[in-house]
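Structure assessment
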Amino acid sequence: MSETRVKTPQKYRYCYICGNDTLNLYGLPKVRNKIPQFRKVQDSTRLSRWMKVMGVHKFTQKARVCSRHFTKGRPAHRNAMNDVD
């Protein structure tokens, strides 16, 4: 008798905001410790902006956001601080 295994979805493979799992998913900005101070400020500013737009105060770093929530369909480059994405 063979047992059929049901494949469980990977954790955090869905959008934190809308639950979509079919579009492209992007991780939240990370604030790294071993980088210059100005870069930490940029990263933490970017992360706080994402959290404000998402309407959350606490999240897991492994959370993902789908392309539906970006005007260009993807996050802006890390250095583009004035970009809306």
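Preceding block: the structure.
Below is a short write-up of the structure.

What counts and how
Residues numbered from 1 in each chain as written. Predicted model: local features only at pLDDT ≥ 70, side-chain atom pairs only at ≥ 80, totals over all residues. Heavy atoms only, no water. Helix = DSSP H or I, 4+ residues; strand = E, 2+ residues; numbered from the N terminus. Buried < 20%, exposed > 50% of the residue type's maximum accessible area, 1.4 Å probe, protein only. Contact = heavy atoms within 4.5 Å. Areas by Shrake-Rupley, 256 points an atom, 1.4 Å probe, with all protein chains shown as cover. Expected span 1.5 Å × (residues − 1). Arc of directions from axis to C-beta. Polar contact = N/O pair within 3.5 Å; in protein donor to acceptor, adjacent residues only side chain to side chain. Phe/Tyr/Trp six-rings, centres within 6.5 Å; stacked < 30°, edge-to-face > 60°. Core = buried A, V, L, I, M, F, W, Y, C linked by side-chain atoms within 4.5 Å.

Section: the overall build of the protein
Each helix and strand counted, the protein has 1 helix and 2 strands in total. Out of the 85 residues in the protein, the part that is buried amounts to 27%. At a minimum sequence separation of 6, the contacts of the protein that also span at least 24 residues come to 63%. Carbon and sulfur atoms make up 51% of the accessible area of the protein, which amounts to about 6900 Å² in all.

A look at helix α1 (residues 37-54)
Spanning 18 residues, α1 covers 26 Å between terminal C-alpha atoms, matching the ideal 26 Å at 1.5 Å per step. For α1, the full list of buried residues reads Arg39, Gln42, Asp43, Arg46, Leu47, Trp50, Met51 and Met54. For α1, the angular spread of the buried residues around the axis is 165 degrees, confining them to a single face. Along α1, the residues that are exposed and aim more than 90 degrees away from the buried face are Gln37, Phe38 and Lys52. Backbone geometry just after α1 places Gly55 at a positive phi near 75 degrees.

Some points on the environment of Lys62
Secondary-structure assignment places Lys62 in the loop between α1 and β2 (64-66). Remark: the alpha-carbon pair of Lys62 and Tyr26, spanning 36 residues in sequence, is separated by 9.8 Å.

Digging into the side chain of Asn20
With respect to the helices and strands, Asn20 occurs in the segment before β1 (25-27). What makes Asn20 buried here is its relative accessible area of 13%. For Asn20, the side chain forms a polar contact with the main-chain nitrogen of Thr22, separated by 2.6 Å. Discounting residues that sit within four places of it in the chain, Asn20 has contacts with Tyr14, Cys15, Leu25, Cys66 and Arg68.

Focus on the packing of aromatic side chains
One pass over the structure, following the stated rule, counts 2 aromatic pairs. Between Tyr26 and Phe70 the ring centres are 5.7 Å apart and the planes differ by 90 degrees, which places this aromatic pair in the edge-to-face class. With Tyr26 in strand β1 and Phe70 in the segment after β2, the pair connects residues that are 44 residues apart, well separated along the chain. By way of ring pairs, the aromatic residues Tyr26, Trp50 and Phe70 are connected into one cluster.

Quick word on the nonpolar core
Judged by nonpolar contacts, Leu28, Leu47, Trp50, Met51, Met54, Val56, Ala63, Val65 and Phe70 together constitute the single largest core of 9 residues. Looking at this core element by element, the count peaks at 4 residues for α1. Once you skip the residues sitting within four places of it in the chain, Met54 turns out to touch Tyr16, Ile17, Leu28 and Val65.

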